[in-house]
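Report on the structure
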Amino acid sequence: MVEAVLIDLFSLPAHLQSNVQGLLCNTLETIEKCSSIPAPFLYVMCCQRQGSERNSEEEPLLPALRDFQSLKTRLEVVRSLTLAAALYTIKQRLDEKDLSIIKVILPALRKGLMKVYIDHLFTAVYQFEFEDLQVALDRENLERDEAWNEGQALPMQDVALIRSEIQMYLESLPSLKGELTILRSSLIPGDIFLHGFTTRTGGISYIPTLSSCNLFSSSKRRDPQLVVKENLRRLANAAGFNPEAFHRVKTDHANAVCVMGKTEPDSYDGIVTNQKGVTIAAPGADCIPMLFADPVRRACGAAHSGWKGTLLGISMATVNAMVSEYGCNVKDILVVLGPSVGPCCYKLPHESAKEFHKIDPKCVRQFDSDCPYIDIRRATRILLESGGILPENIQDDSVTDQNQNITLCTACHPDKFYSHFRDGTNFGTQICFISIKD
């Protein structure tokens, strides 16, 4: 069931726009009459010419729009200088209304081009169907016309141009929710390592549960990869690392570790390196993002530890990789636990809670309940200490000085952090990152 209709008039030159009034009227009339449900939301997308007044440009379309009273409150004309800007504006409108099934009515020759823009600006959350806009146009009035035939792929150089156009537009957008903020640990020596834990401010993601510095894209969320890439670019500029030499773990909630420079596993929750200038990272949105640093051997690591990864020993698997690969002494390794869901908020079914109870009864609160409260941070500390990490070389929520505490509860601080536990399936993600300085 179509929830929104996008009528693409973006390609029409200004002198032809008045000729489509009848066509637009017929299209709107069909939508109005054929809707067995309340009319879908309608967006008419047009090109705003450089130096023109927005209001004056709408004049040719007004006669075609003003007669459709039943659609009037659900119809919007979107004018932008670029197709990327127009589509991103429409995406915002769709997301505000939580719409995901869209019909695009457009000239047949533009279908291939439109699909490339959609692939870059939308995710698999959205479903698109296409319908031809029957308008007679001279081929010279359409740009890149050779590649717009349905079923014919755009040349790679045209795809690159589209991607560049989108990136330039995203770079022009203002940051949301304030300046980009990075939390840093006093335990990790700043003269050797560049590191940090991100918060949710300073990016361009606008959906409430993703706003604003979301650093992960998936087929189940509404933030496309290019938006996440722009957030990462802004983080890299603020932190001082090269986003082109950035490697994030491919989480599987298990205990595999990737060693930079060796064959990369299909999935892994830990990553280690001794290469200078390479930034490694791990995500967290309730799961613990952890950083590991050995200032003696100048090696580092990052890991993602949820409750499954904690029980499977991802923290010590990362430590052991640093020891075996780089000759680190376990007593030299520093470990910092980042923002994650705290024992104040996190619950697990009783069967899973039993495993944490075996590590230490203090890791579980209200053990006899169906869903006890779990302290995965305490469990992580215990496992690290039992593996040889010195207690004073672990920074977690046991830090009494709140100015030094960066292991804050993600669920308790919606202004600072994302939380899957709190926000549901369309949640954002923060990361921890570390690199060895040149």
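The structure displayed is predicted, hence computed values, not measured ones.

About the thresholds
- Residues numbered from 1 in each chain as written.
- Predicted model: local features only at pLDDT ≥ 70, side-chain atom pairs only at ≥ 80, totals over all residues.
- Heavy atoms only, no water.
- Helix = DSSP H or I, 4+ residues; strand = E, 2+ residues; numbered from the N terminus.
- Buried < 20%, exposed > 50% of the residue type's maximum accessible area, 1.4 Å probe, protein only.
- Contact = heavy atoms within 4.5 Å.
- Areas by Shrake-Rupley, 256 points an atom, 1.4 Å probe, with all protein chains shown as cover.
- Pairing = 2+ DSSP bridges.
- Salt bridge = Lys/Arg side-chain N within 4 Å of Asp/Glu carboxyl O.
- Axes fitted to C-alpha atoms, helices over the stretch in contact; angles between N-to-C directions.
- Parallel < 35°, antiparallel > 145°, perpendicular 65-115°, else oblique.
- Left-handed = near helix turned anticlockwise from the far one by under 90°.
- Nonpolar A, V, L, I, M, F, W, Y, C, P; charged D, E, K, R; others polar.
- Arc of directions from axis to C-beta.

**Considering the overall build of the protein**
- Counting its secondary structure elements, the protein contains 14 helices and 18 strands.
- Counting every position in the protein, which comprises 438 residues, the buried fraction comes to 54%.
- Here the analysis covers contacts within the protein between residues at least 6 apart in sequence; of these, 70% occur between residues at least 24 apart.
- Approximately 19200 Å² of the protein is accessible, and the part contributed by carbon and sulfur atoms is 49%.

**Structural notes on helix α7 (residues 111-121)**
- Extensive coverage of α7 is indicated by the burial of nine of its 11 residues.
- What α7 keeps buried is the set Lys 111, Gly 112, Leu 113, Met 114, Val 116, Tyr 117, Ile 118, His 120 and Leu 121.

**Here's the deal with the pairing of strand β14 (residues 334-337)**
- Covered by surrounding structure in β14 are Leu 334 and Val 336 together with Val 335 and Leu 337, the residues of both alternating faces.
- Inspection of the sheet shows strand β12 (residues 288-294) paired to β14 by four bridges, in the antiparallel sense. If you follow Phe 292 over to β14, its bridge partner there is Val 335.
- Across two bridges, β14 lies against strand β17 (residues 394-395) in parallel orientation.

**Some points on the environment of Thr 27**
- As for its placement among the helices and strands, Thr 27 is situated in helix α2 (residues 21-34).
- Between the alpha carbons of Thr 27 and Leu 133 there is a distance of 8.6 Å; along the sequence they are 106 residues apart.

**Section: the pattern of salt bridges**
- Evaluation of the coordinates by the stated rule reveals 19 salt bridges.
- Between Arg 233 and Glu 230 there is a salt bridge, with its nearest N and O atoms 2.7 Å apart. Note that Arg 233 and Glu 230 are positioned in helix α9 (residues 225-239) at a spacing of three residues, about one turn of the helix.
- Judged by relative accessible area, Arg 233 falls into the partly exposed class, the value being 26%.
- Residue classification places Glu 230 among the buried positions, given a relative accessible area of 5%.
- For the salt bridge of Glu 325 with Lys 262, the shortest nitrogen-to-oxygen distance reads 3.0 Å. Residue Glu 325 is located in helix α11 (residues 314-326), and its partner Lys 262 is located in the loop between β9 (257-259) and β10 (270-273); the two are separated by 63 residues in the primary sequence.
- Each of Lys 91, Asp 95, Asp 98 and Arg 222 takes part in one network of salt bridges that share partners.

**What about the environment of Leu 94?**
- By secondary structure assignment, the location of Leu 94 is in helix α6 (residues 83-96).
- With relative accessibility at 2%, the residue Leu 94 sits in the buried group.
- Between the C-alpha atoms of Leu 94 and Ala 4, which are 90 residues apart in sequence, the distance is 7.9 Å.
- Beyond its immediate chain neighbours, meaning those up to four positions away, Leu 94 contacts Ala 4, Tyr 43, Leu 99, Ile 102, Phe 122 and Arg 222.

**Topic: the packing of helix α8 (residues 156-172) against α9**
- Contact pair α8 / α9: the axes reach a minimum separation of 10 Å and the direction vectors enclose 50 degrees. As far as their axial angle goes, α9 and α8 are oblique. Crossing angle aside, the handedness with which α8 passes α9 is right-handed. The segment α8 lies against α9, with Arg 163, Ile 166, Gln 167, Leu 170 and Glu 171 engaging Leu 226, Val 227, Lys 229, Glu 230, Arg 233 and Arg 234.
- Partitioning the contact of α8 with α9 into residue classes produces four nonpolar, one polar and six charged.

**Looking at the environment of Pro 107**
- Summarising the element assignment, Pro 107 is placed in the loop between β4 (101-106) and α7.
- For Pro 107, a relative accessible area of 5% puts it in the buried group.
- Taking the C-alpha atoms as reference, Pro 107 lies 5.5 Å from Asp 132; in sequence the two are 25 residues apart.

**Remarks on the side chain of Lys 91**
- Along the chain, Lys 91 turns up in helix α6.
- Setting aside residues up to four positions removed in sequence, Lys 91 forms contacts with Leu 121, Phe 122, Tyr 126, Tyr 206, Arg 222 and Pro 224.

**Focus: the sheet that holds strand β1 (residues 4-8)**
- One open sheet holds the five strands; their spatial order is β3-β2-β1-β4-β5, and the pairing between them is parallel. Edge positions in the sheet fall to β3 (75-80) and β5 (127-132), since each of these pairs with one other strand and no more. Mean inter-strand twist for the sheet, computed between neighbouring axes without regard to direction, equals 20 degrees.
- With six bridges joining them, strand β2 (residues 41-47) and β3 adopt parallel strand pairing.

**Some remarks on the packing of α6 against α7**
- Across the interface, α6 lies against α7 with an axial gap of 11 Å and an inter-helix angle of 55 degrees. Taken together, the axis directions place α6 and α7 in an arrangement best described as oblique. Note on packing geometry: the crossing formed by α6 with α7 is right-handed. Between α6, through Leu 83, Ala 84, Leu 87, Tyr 88 and Lys 91, and α7, the contact on the second element is made entirely by Leu 113, Met 114, Tyr 117 and Leu 121.
- In terms of residue class, the contact of α6 with α7 is made up of eight nonpolar, no polar and one charged.

**Here's the deal with helix α12 (residues 350-359)**
- For α12, the complete set of buried residues consists of Ser 352, Ala 353 and Phe 356. Viewed end-on, α12 has its buried residues packed into an arc of 100 degrees, placing them on one side of the element. Looking at α12, the residues exposed on the side facing more than 90 degrees away from the buried face are Glu 351 and Lys 358.
- Those residues of α12 that are buried are in contact with α10 (307-312), β15 (364-365), β16 (373-374) and α13 (376-386).

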